[in-house]
Amino acid sequence: MQGKQLRKLENELWRAADQLRANSKLTASEYSMPVLGLIFLRHAYNRFLKVKDTIEATLPVHPQRGRRALTAKDFEEQNAMFLPEKATFDYLVNLPEGADLGEAIDNAMKLIEDEYDNLKGVLPKNFSILSKDLLRELLRIFNKEVLQKAEGDLFGKIYEFFLNKFAMTGAQEGGEFFTPMSLVQTIVNVIEPDHGIVFDPACGSAGMFVQTGYFIESEGLRPAEKVTFYGQEKAELNTRLAKMNLAVHGLEGLIHEGNTFYEDKHNLVNKADFVMANPPFNVDGVDKNKEVVKKDPRLVLDGKVNLPKNDNANYLWMQYFYNYLKPTGRAGFVMASSASDAGHSEKEIREKLVRTGAVDVMMAIGNNFFYTRSLPCTLWFYDRAKEQDATKRDKVLMLDARKIYRKVTSKVNDFSPEQLQNLICVVNLYRYRN
């Protein structure tokens, strides 16, 4: 689907969803989850139908009993969700006029949760607060022919579009729950997360994991066999969004709710093969007097805990990412541009990080890549294997990509596929010809 067609569809879907606000007393935060829940159901049903045909073609047929019944295991092997009949989109769309749609959709969500333990208590089940007319209209909108034929990438973009819109209407906290696709794809293609433990300690809606799944599939491999996803997220709503996003993409992961500044829920210090994140920038107010912070092993560089003297938490994150990695691990993360030349205690920590030999690539990104803020940012990349390589440890590739972008709207930029490919080619020339 071309960009203009996609934008037209996204805007049409948003207008329909925004009727909930116009025609009800619901706040943005109240109607965001039901809408995302319907996108989840639509996408899950599309994958279900696509995989169902593939599975049925290979099922054994008994002369008397006929074709073997489909099972949840059949679908899991194809990275799709098994949907009981009353949880399918067609069943809901075709319910008679007088049916209680809210109750039927709530029941569909419960049926899916009963099939998948990792979704227990995650899916929205408050559809009864919406009027039958609104629900029927939403089901009709999400049942358009173009959406019936849509596949993963398109739904990923629609999901992201809705997350952006909800961020702008104040439904989420500061827009921290997703990262623009261009930046995620850049991070994934630079660190190449194709095996072992992949960790995001500020995982938002799990966009990093979804793109990692696409990356692994593009290599002809199955994500479930190659990587284990671990995520941590401080907001309960975003934790649920992350679990929904993984499930609808046929991915498995362990997502825990917790404040990364004070809790390390997965205990992954020195255990992660890959760390990727878009942490909240310039966070003030982390309590550095807490014992858990003063003794945090994630803040150890050069044999001691390093606490930046200012209130800004950027250099806490930058040390976490380093210390989560195995001696062969790689990390990629988004960081405020101001962190690249910050002075005083941050400068000392930055020097220690560079002297480890692990800082691999720094990429300056221009304005307007985020929907909710226009500031530029920098992508940082660590490669701890470099520390042991005498010819590479003192080299860092610094890329100024601030003038490389494609205008999506008057307020939003991204990388075109060609621009992204060119950036990755430059990184690969540096990395493999050094």
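Structure shown above.
Residues numbered from 1 in each chain as written. Predicted model: local features only at pLDDT ≥ 70, side-chain atom pairs only at ≥ 80, totals over all residues. Heavy atoms only, no water.

Q: Requested: an account of the overall build of the protein chain, with residues and values cited.
A: Regarding its fold elements, the protein chain presents 16 helices and 14 strands. Radius of gyration (C-alpha) of the protein chain: 23 Å, near the 22 Å computed for a compact globule of 434 residues. A principal-axis box enclosing the C-alpha atoms of the protein chain has dimensions of 70 × 55 × 45 Å. Going through the 434 residues of the protein chain one by one, you find that 54% of them count as buried. Within the protein chain, contacts between residues separated by at least 24 positions form 73% of all contacts whose residues are at least 6 apart in sequence. On the protein chain, roughly 19700 Å² of surface is accessible, and the fraction owed to carbon and sulfur atoms is 48%. (Helix = DSSP H or I, 4+ residues; strand = E, 2+ residues; numbered from the N terminus. Rg over C-alpha atoms; globule rule 2.2 N^0.38 Å. Buried < 20%, exposed > 50% of the residue type's maximum accessible area, 1.4 Å probe, protein only. Contact = heavy atoms within 4.5 Å. Areas by Shrake-Rupley, 256 points an atom, 1.4 Å probe, with all protein chains shown as cover.)

Q: Residue-level account of the packing of helix α9 (residues 181–191) against helix α10 (residues 207–218), with values.
A: Following both chains from N to C, one finds α9 and α10 inclined at 55°, their axes separated by 9 Å at the closest point. Here α10 runs oblique to α9, going by the angle between their axes. Classified by chirality, the crossing of α10 by α9 is right-handed. Residues M181, V184, Q185, I187, V188 and N189 of α9 lie in contact with α10, whose contacting residues are G207, M208, Q211, T212 and F215. Looking at side-chain class alone, the contact of α9 with α10 contains six nonpolar, five polar and no charged residues. (Axes fitted to C-alpha atoms, helices over the stretch in contact; angles between N-to-C directions. Parallel < 35°, antiparallel > 145°, perpendicular 65-115°, else oblique. Left-handed = near helix turned anticlockwise from the far one by under 90°. Nonpolar A, V, L, I, M, F, W, Y, C, P; charged D, E, K, R; others polar.)

Q: Tell me about the pairing of strand β10 (residues 359–365), and name the residues and values.
A: Within β10, seven of the seven residues are buried, leaving the element largely enclosed by the surrounding structure. Inspection of the sheet shows β10 paired to strand β12 (residues 397–401) by five bridges, in the parallel sense. Within β12, the position partnered with M362 by the bridge is M398. (Pairing = 2+ DSSP bridges.)

Q: Tell me about the nonpolar core, and please be specific about residues and values.
A: Judged by nonpolar contacts, the single largest core of 63 residues is most densely connected at I112, F142 and F162. At the level of secondary structure, the elements contributing two or more residues to this core comprise α1 (3–22), α2 (28–58), α3 (72–76), α4 (89–93), α5 (101–115), α6 (132–141), α8 (152–168) and α12 (236–248). Not counting residues up to four positions away in its chain, the partners in contact with F142 are L13, V35, L38, I39, R42, F89, L147 and F162. Of all hydrophobic cores here, the second largest spans 41 residues; its members include I187, V198, M208 and L423. (Core = buried A, V, L, I, M, F, W, Y, C linked by side-chain atoms within 4.5 Å.)

Q: With reference to specific residues and values, describe empty space enclosed by the protein.
A: The final tally for this structure, using the stated rule, is three cavities of 30 Å³ or more. In this structure, the second largest cavity spans a volume of roughly 170 Å³. Forming the boundary of the second largest cavity are 15 residues, of which A202, E233, K234, P280 and W317 lie nearest the centre. Each residue belonging to the lining of the second largest cavity can be placed in one class, and the counts come to seven nonpolar, five polar and three charged. (1 Å grid on protein atoms, 1.4 Å probe; cavity = no way out; pocket = protein on both sides within 12 Å on 5 of 7 lines; lining within 4 Å. Points joined across faces, edges and corners; volume = space filled by probe spheres on them.)

Q: Describe unusual backbone geometry, and please don't skip the residues or the numbers.
A: Excluding glycine, residues mostly carry a negative phi; peptide bonds, for their part, are mostly trans. The residue E192 is not glycine, and still its phi comes out positive at about 50°. The topology assignment puts E192 in the loop between α9 and β3 (196–200). A relative accessible area of 21% places E192 in the partly exposed class. Even without being glycine, A206 reaches a positive phi, approximately 75°. Along the polypeptide, A206 turns up in the loop between β3 and α10.

Q: Go over the side chain of Q319, please, and point to the residues and values.
A: By the element assignment, Q319 lies in helix α14 (residues 314–324). In this structure the side chain of Q319 is engaged in a polar contact, spanning 3.0 Å, whose partner is the backbone oxygen of N306. The residues touching Q319, leaving out its near neighbours within four places in the chain, are R298, L299, V300, L301, N306, P308 and I349. (Polar contact = N/O pair within 3.5 Å; in protein donor to acceptor, adjacent residues only side chain to side chain.)

Q: Account for the packing of α14 against helix α15 (residues 344–355), naming residues and giving values.
A: The interhelical angle for the contact between α14 and α15, taken along N-to-C directions, is 15°, at an axis separation of 11 Å. Between α14 and α15, the angle is such that the two are roughly parallel. Along this stretch, α14 crosses α15, giving a crossing that reads as left-handed. From α14, Y315, M318, Q319 and Y322 reach across to α15, where they touch E346, I349, R350 and L353. When the residues that make up the contact of α14 with α15 are grouped by side-chain class, the tally is five nonpolar, one polar and two charged.

Q: Now, about the sheet that holds β10: what can you tell me, with residues and values included?
A: Taken in spatial order, the eight strands of this open sheet run β5-β4-β3-β6-β9-β11-β10-β12, and their pairing is mixed. With one partner strand each, in any of the chains shown, β5 (253–257) and β12 form the two edges of the open sheet. For this sheet, the mean inter-axis angle between neighbouring strands, taken without regard to orientation, is 10°. In the packing of α9 onto the sheet, the strands contacted are β6 (272–277), β9 (325–336), β10 and β11 (377–383), and the crossing angle to β11 comes to about 20°. Contacting β9, β10 and β12, helix α16 (residues 417–433) crosses the sheet at an angle of about 165° to β12.

On their own, these measurements won't tell you what the molecule is for.
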